[in-house]
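# Notes for the structure review
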Amino acid sequence: MSRLVVISNRVSVPTSDVGGAQGGLSVALAAALRESNGVWFGWSGEETEHFSGHINFQRNFGVATATIDLEPHDIEEYYNGYANRTLWPLFHYRVDLAEFERGFAGGYERVNARFADTVVPLIEPEDLVWVNDYHLIPLGQKLRERGCRNRIGFFLHIPWPPMPLLLSLPSHRELVQSMFAYDVVGFQTKDSLEAFRDYARVQLGADFGDDDGVVHEGRSIRAIACPIGIDTTEFRASAEGEVARGVFEQMRASANGRTMIIGVDRLDYSKGLQERFLGYERFLAANPDKHGAVFLLQIAPPSRGEVQSYQEIRAQLDALSGRINGEFADAEWVPIRYVNKGHPREQLAGMYRAARIGLVTPLRDGMNLVAKEYVAAQDAKDPGVLILSRFAGAAEQLADALLVNPHSPEELADAIATALAMPLTERIARWRRMLDNIEAEDVIWWRRRFTDALEASQPQAAN
Ligand code: ADQ
């Protein structure tokens, strides 16, 4: 296989052989890069007063990384601005939260150009270049402008929005047109792929070839659905390892005979945490016999604290969990244990296994790896039940979860009641079918599916 150059906003330098990093993208890419002898390029997360293009090279646990520092106004306009205040909310269907500022758009273009200027000398003629996620959509075009003729692919980790939503982005046309600089563009789901094709047909007048081809102004790209997976073998093993077993025992002891429900999410409005709490509140109100018998452990480490909407959601969740606990708790039982910090993956595996229900109810999510991790961590003889939002990408593959509309407190409450009452035989049957999928379509399958498509594409002439 050709050498892989992976480019993403952040590069998380591995701290062990088995991941440990937080964030779906970093976990997935570290596993993928270890297998190929590639290099991972991106922003270090550090600031510099004047951008110099200096690259910091490292190799840790089999992964070579190359990082650059960015200027404070780059970080503000490109990262906190266009990426996280414009594209992230819009692509998660939250036009109400999206901010459209020309300064953000300018910073986005500038940083993408800085990425291109810096990474071009690292790319050798036969390399496959793999650009990741919404921070870097126009990077392929900027690489072409600098003479890069390699095969270049782009994978979007978040949903692609339906056309009418995308039209509210002032520069939607330029953004989508820039994607025709790639050879392959990948989406998490068929749903996202369809939305992209719909835009291309209606707004750009694109033609569609056999297979996955989309042709616009003489350039032909392949647009594919390529759902990301987890490192299932490793995660199953870690769920049975010493650390996870220790955590499992501790959780069981601290549950004191009560049934545990778990939620694990970055603290983000797309994850539907408020709606989840409201659904759980509805369940408690409708099922007084379950008071003292169940509890919800919600782990939600803060993210993107520089962005105001994230500060607001944090305050709202503090208030909501406090209200629900105030309403239902007694001296011996607290219905919600709400924890604002991250945990190492081995510990998470033990917690997932100790939970009878995994509650994964984002309002929108590109994929959602927590859903897959929850399934992978279960005990084959006594697996828990996954309650999964229909609007998580993972729902396309995990049809055997209890699928819910996360906006409906009643549906959530009913699903919790159904999960608690589900007989062992049904739990095993559903879990087995989900595990089969998670094993077959794991992170290695994902990586291969994408890079095989890229390798099979024809290098294009530069613009
Ligand atoms: P995220 O939005 O970060 O990823 P997700 O797919 O759920 O969402 O991945 C989160 C990862 O972080 C999981 O591996 C999880 O274990 C870990 N994590 C979450 N909370 C944690 C905690 N408290 N402590 C430790 N680890 C924690 C984006 C997209 C998703 C897409 C991924 C990968 O938004 O839709 O699935 O990229 O493509």
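So, about the domain arrangement of the chain. Under the domain assignment used here, the chain contains domain 1 (4-229 + 443-456) and domain 2 (232-440). The interface of domain 1 with domain 2 comprises 28 residues on the first partner and 22 residues on the second. Regarding the contact of domain 1 and domain 2, the summed buried area is about 2,100 Å², with carbon and sulfur atoms giving 59% of it. Taken together, the links from domain 1 to domain 2 amount to zero salt bridges. Within the residue set of the side of domain 1 that touches domain 2, elements represented by two or more residues are helix H1 (24-35), helix H2 (72-91) and helix H7 (190-204). Grouping the constituent residues of the side of domain 1 that touches domain 2 by class yields 14 nonpolar, ten polar and four charged.

Before going further, it helps to spend a moment on the confidence of the model for the chain. Averaged over the chain, the pLDDT score is 93; the fraction of residues at 70 or greater is 96%. Overall, residues 18-24 carries pLDDT values under 50, and its contacts beyond four positions in sequence, including any with other chains, amount to twelve contacts.

The next point concerns the side chain of Asn-437. Here Asn-437 shows up in helix H15 (residues 424-440). Leave out the neighbours within four places in its chain, and Asn-437 touches Gln-397 and Leu-398.

A word on the site of the ligand. Surrounding the ligand, one finds 26 residues, the nearest of these being His-157, Asp-365, Met-367, Leu-369 and Glu-373. With respect to the ligand, the side chain of Gln-188 contributes an N or O atom lying 3.1 Å from an oxygen atom. At 2.9 Å, a backbone N or O of Asn-368 approaches an oxygen atom of the ligand. Burial of the ligand by the protein chains amounts to 95% of its free accessible area of 710 Å². A class-by-class count of the residues in the shell around the ligand yields ten nonpolar, nine polar and seven charged. Domain assignment of the residues forming the shell around the ligand places at least three in each of domain 1 (4-229 + 443-456) and domain 2 (232-440).

What counts, and at which threshold
Residues numbered from 1 in each chain as written. Predicted model: local features only at pLDDT ≥ 70, side-chain atom pairs only at ≥ 80, totals over all residues. Heavy atoms only, no water. Domains from an automatic or database assignment. Contact = heavy atoms within 4.5 Å. Buried area = accessible area lost by both parts, 1.4 Å probe. Salt bridge = Lys/Arg side-chain N within 4 Å of Asp/Glu carboxyl O. Helix = DSSP H or I, 4+ residues; strand = E, 2+ residues; numbered from the N terminus. Nonpolar A, V, L, I, M, F, W, Y, C, P; charged D, E, K, R; others polar. pLDDT = per-residue confidence, 0-100. Near = heavy atom within 4 Å. Polar contact = N/O pair within 3.5 Å; in protein donor to acceptor, adjacent residues only side chain to side chain. Areas by Shrake-Rupley, 256 points an atom, 1.4 Å probe, with all protein chains shown as cover.

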